[in-house]
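# Coordinate inspection notes
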Amino acid sequence: MNELGQPLIIIIDDLDRLPPEEIRSMIQTVKAVLDFPRTLYLLAYDRSIVARALGSNNEEDGLRYLEKIVQVAYPIPPLSQQQRRKFAEEKIKHLLSGLKIILRPFEEEESLYERAIDQVASLSRHMRDIVRIVNRLSLILPIIYQEVNVADAIVFEALSQRSPELRKEICNNPLHFCGRPFPDGISGDDISTEEWTRKEDELALTKKAQRNGDSHWAEFLPKGKERKVADSACQFLFSSSSDSPSIYGLRMADPGRMARYLRCTTIDGVPDAEKIHEILSDPVKLEQALSVSDNKEISSLLGWLSAYIPSCSTLNIEGCIEKLIDKSQLVAGFETSHRIISKAISETMCEFLKHAARTLDERERERCFLNIVEGASIHVSAYIILIEERNENHPLSKDNAFLKDSIKKLIARAREAIKGGLDGELLHYVLYRISDFQNGSRDEVHTITSEMCGTDDGLARFLSYFNYLKTNNLLETHSLDFDLIKNPKDLAKRIENSDLNEQYSWLIKPLAEWKIGQKGI
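Residues numbered from 1 in each chain as written. Predicted model: local features only at pLDDT ≥ 70, side-chain atom pairs only at ≥ 80, totals over all residues. Heavy atoms only, no water.

## Here we look at the overall build of the protein chain
Scanning the protein chain for helices and strands turns up 27 helices and two strands. Buried positions account for 44% of the 521 residues belonging to the protein chain. Within the protein chain, contacts between residues at least 6 apart in sequence are counted, and of these 70% link residues at least 24 apart. (Helix = DSSP H or I, 4+ residues; strand = E, 2+ residues; numbered from the N terminus. Buried < 20%, exposed > 50% of the residue type's maximum accessible area, 1.4 Å probe, protein only. Contact = heavy atoms within 4.5 Å.)

## Here we look at the packing of helix 23 (residues 424-437) against helix 25 (residues 456-471)
Helix 25 packs onto helix 23 with a crossing angle of 110 degrees between their chain directions and a minimal axis gap of 7 Å. By the angle class used here, helix 23 and helix 25 are roughly perpendicular. Relative to helix 25, helix 23 is oriented so that their crossing is left-handed. Note on element contacts: helix 25 touches helix 23 through R461, F462, S464, Y465, F466 and Y468, opposite G424, E425, L427, H428 and L431. In terms of residue class, the contact of helix 23 with helix 25 is built from six nonpolar, three polar and two charged. (Axes fitted to C-alpha atoms, helices over the stretch in contact; angles between N-to-C directions. Parallel < 35°, antiparallel > 145°, perpendicular 65-115°, else oblique. Left-handed = near helix turned anticlockwise from the far one by under 90°. Nonpolar A, V, L, I, M, F, W, Y, C, P; charged D, E, K, R; others polar.)

## What to know about the nonpolar core
Grouped together as the largest cluster of nonpolar side chains are 79 residues, with contacts concentrated most on L280, L302, M349, F352, F462 and L463. It is helix 19 (residues 336-359) that contributes the most residues to this core, eight residues altogether. Discounting residues that sit within four places of it in the chain, F352 has contacts with L280, I309, L315, I317, C320, I321 and L324. If you look at the next biggest cluster of nonpolar residues, it comprises 48 residues, including L103, A158, F236 and Y261. (Core = buried A, V, L, I, M, F, W, Y, C linked by side-chain atoms within 4.5 Å.)

## Re unusual backbone geometry
The backbone phi angle of N57 is positive, close to 75 degrees, even though this residue is not glycine. On the secondary structure map, N57 appears in the loop between helix 2 (47-54) and helix 3 (59-69). Within the chain, L250 stands out as a residue other than glycine whose phi angle is a positive 55 degrees. You can see L250 is positioned in the loop between helix 13 (240-243) and helix 14 (255-263).

## So, helix 14
Burial within helix 14 is extensive, with seven of its nine residues counted as buried. By the burial criterion, the buried members of helix 14 are P255, G256, R257, M258, A259, R260 and Y261. Count one or two residues on from helix 14 and you reach C264, which has phi positive near 50 degrees.

## As for the packing of aromatic side chains
By the definition in use, this model includes 11 aromatic pairs. Measuring from ring centre to ring centre gives 5.9 Å for F369 and F402, while their planes differ by 50 degrees; the resulting arrangement is tilted. With F369 in helix 20 (residues 362-375) and F402 in helix 22 (residues 400-419), this pair connects stretches of sequence that are 33 residues apart. Ring geometry for Y465 against F466: centres 5.9 Å apart, planes inclined by 50 degrees, an arrangement best described as tilted. According to the relative accessible area criterion, Y465 is buried, its value standing at 14%. Judged by its relative accessible area of 2%, F466 is buried. Grouping aromatic residues by their ring pairs yields a cluster made of F462, Y465, F466, Y468 and F482. (Phe/Tyr/Trp six-rings, centres within 6.5 Å; stacked < 30°, edge-to-face > 60°.)

## Quick notes on the pairing of strand 2 (residues 39-43)
Within a regular beta strand, the side chains point alternately toward one face of the sheet and then the other, so they alternate between its two faces. A one-sided burial pattern is seen for strand 2, the buried positions being T39, Y41 and L43 and the unburied ones L40 and L42. Judged from the five bridges that link them, strand 1 (residues 8-12) and strand 2 form a sheet pairing that is parallel. Its bridge partner lying in strand 2, I10 is registered against Y41. Note on the crossover from strand 1 through helix 1 (residues 20-32) to strand 2: the handedness is right-handed. (Pairing = 2+ DSSP bridges. Right-handed = clockwise from strand over helix to strand, strands pointing away.)

## Concerning the pattern of salt bridges
A pair can form between side chains of opposite charge whenever their charged atoms are brought close. Using the criterion set out here, one finds 30 salt bridges in the structure. Across the pair R367 and E318 runs a salt bridge whose closest N-O atoms are separated by 2.7 Å. Taken together, the residues R367 in helix 20 and E318 in helix 18 (residues 317-330) connect sequence positions 49 residues apart. With a shortest N-O distance of 3.0 Å, D456 and R494 are connected by a salt bridge. (Salt bridge = Lys/Arg side-chain N within 4 Å of Asp/Glu carboxyl O.)

## Some remarks on helix 23
Relative to the 20 Å expected for 14 residues at 1.5 Å per residue, helix 23 spans 21 Å between its end C-alpha atoms, a close match to the ideal helical length. Among the 14 residues in helix 23, 12 count as buried, and that is most of the element. Along helix 23, the residues classified as buried are G424, E425, L426, L427, H428, Y429, V430, L431, R433, I434, S435 and F437. Note on helix 23: the residue one or two positions beyond its end, N439, has a positive phi of about 55 degrees. (Expected span 1.5 Å × (residues − 1).)

## Focus on the environment of R162
With respect to the helices, strands and loops of the structure, R162 is situated in helix 8 (residues 150-162). For R162, a relative accessible area of 13% puts it in the buried group. Through-space distance from the C-alpha of R162 to that of R125 is 8.8 Å; in sequence the pair is 37 residues apart. Setting aside residues no more than four positions away along its own chain, R162 makes contact with S122, L123, S124, R125, E226 and V229. Here E226 takes part through its side chain, which lies 2.7 Å from a polar atom of the side chain of R162. (Polar contact = N/O pair within 3.5 Å; in protein donor to acceptor, adjacent residues only side chain to side chain.)

## Observations regarding the confidence of the model for the protein chain
Looking at the protein chain, the pLDDT average stands at 84 and 86% of residues meet or exceed 70. Across residues 185-191, confidence stays below pLDDT 50; counting only partners more than four residues off in sequence or on other chains, it has five contacts. Residue range residues 241-246 is modelled with pLDDT below 50. Its contacts to residues more than four positions away, or to other chains, number nine contacts. (pLDDT = per-residue confidence, 0-100.)

## Describing the environment of E444
Along the chain, E444 turns up in helix 24 (residues 443-452). By relative accessible area, which is 22% here, E444 ends up partly exposed. For the pair E444 and I434, spaced 10 residues apart in the sequence, the C-alpha separation amounts to 7.8 Å.

## Structural notes on the state of the cysteines
Counted under the stated rule, the structure contains zero disulfides. The thiol of C312 is not disulfide-bonded; the next cysteine sulfur, from C320, is found 8.0 Å away. (Disulfide = S-S within 2.5 Å.)

Written as structure tokens, this is what we have:
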């Protein structure tokens, strides 16, 4: 050592990562050769861990022993939140770039990705934690990033790294975190009464916790200083299930998304996001998907389309609306099965318009809206105008002239449809919508119904709805309302003097006794 003619520095890093017996062996070895000339030992370790190892779990005894060996100690201050955040941001950015993953708009909305990086910094105690989190993400993201929000995946893996036991609780108790059980392909008939009762009880507890402002996952959080950071991560991941549809943006608050993430596979009843996005991007595929004969299947598909619109980066809004318009014409009736699909079509169109308001220019979104007003089945058009008219935040509502012109076009269409033979519940629905579009005024509607009931065919079509109620024993649940008629007493006389007298004799008395402003009988 003397012949070297220069000092020798021996660095031993991560001493605290050894098992206790090896820590003791290493310290004893250093002590044995401590007095070599021109030799300096630099030891890097967590003092409390090494002290416990040296003192056989008695930290004070270990510290006294350590002080006899270490001549100078330089405690390193803990990393700040800002330092951990910067390191995490650099590492995760590099990983996403290497995996060719580009953040989608819904992952950047409301600074979601930025807040995810903040969560990683909070859940990490040192740089090593961040490296481990990135290693976890490098394995899971290539498999799952198309199916789940990347920001959620980042936070979930950081939480799993910090608290493996909490991850296990999330897997075993999804009801307390997502608000609903994982989809498992089991029908209600296959679940025992006891199982249903247990699930109902759990759901009641979570709802009660939400009403009280408590986290319904509170009982599963770790104790001590770990609790706060774990709760914050759960708020990030699961609070969206209570304030917005969590399936928007592929959030893991939706139990289907969470289950898919945990299993990294397809789940019965939960379609691939990629498959739904393909349909939303290609109107031809949408037309094919809507051509099946199973109404339940169509209704389910429309529900998934509505849910995945916000997360589709290649959305063909105008083309998909055209296919939905065509489908609405094929289910223009008001029987139960058609009514369910018509409602689903209407809601899906509303989601397209909502997305159009954020992504298309004024001319394009007005064209989409007008296509619906002029081309969709009359009750679907009426429903959508009603929704958009009442939505004060919708861009279309800011242009009163455009909206008024759209309403005029719909009323003109409604008049033609009524002349063309519209009847039953659908007729009454359209008449009420016309009144809604005129600030509740019945003048236009009274004119239409007076004209209709002036002919035997029109009278039969107008009264057919009341016959439907009576035939289907719905009079107790659907109050008779004659507001659509200017003078119910005149209509009673009209029935009495017509060929429909025998069929509608039961309706004459209620009409004759009706008072203007009455709210149903």
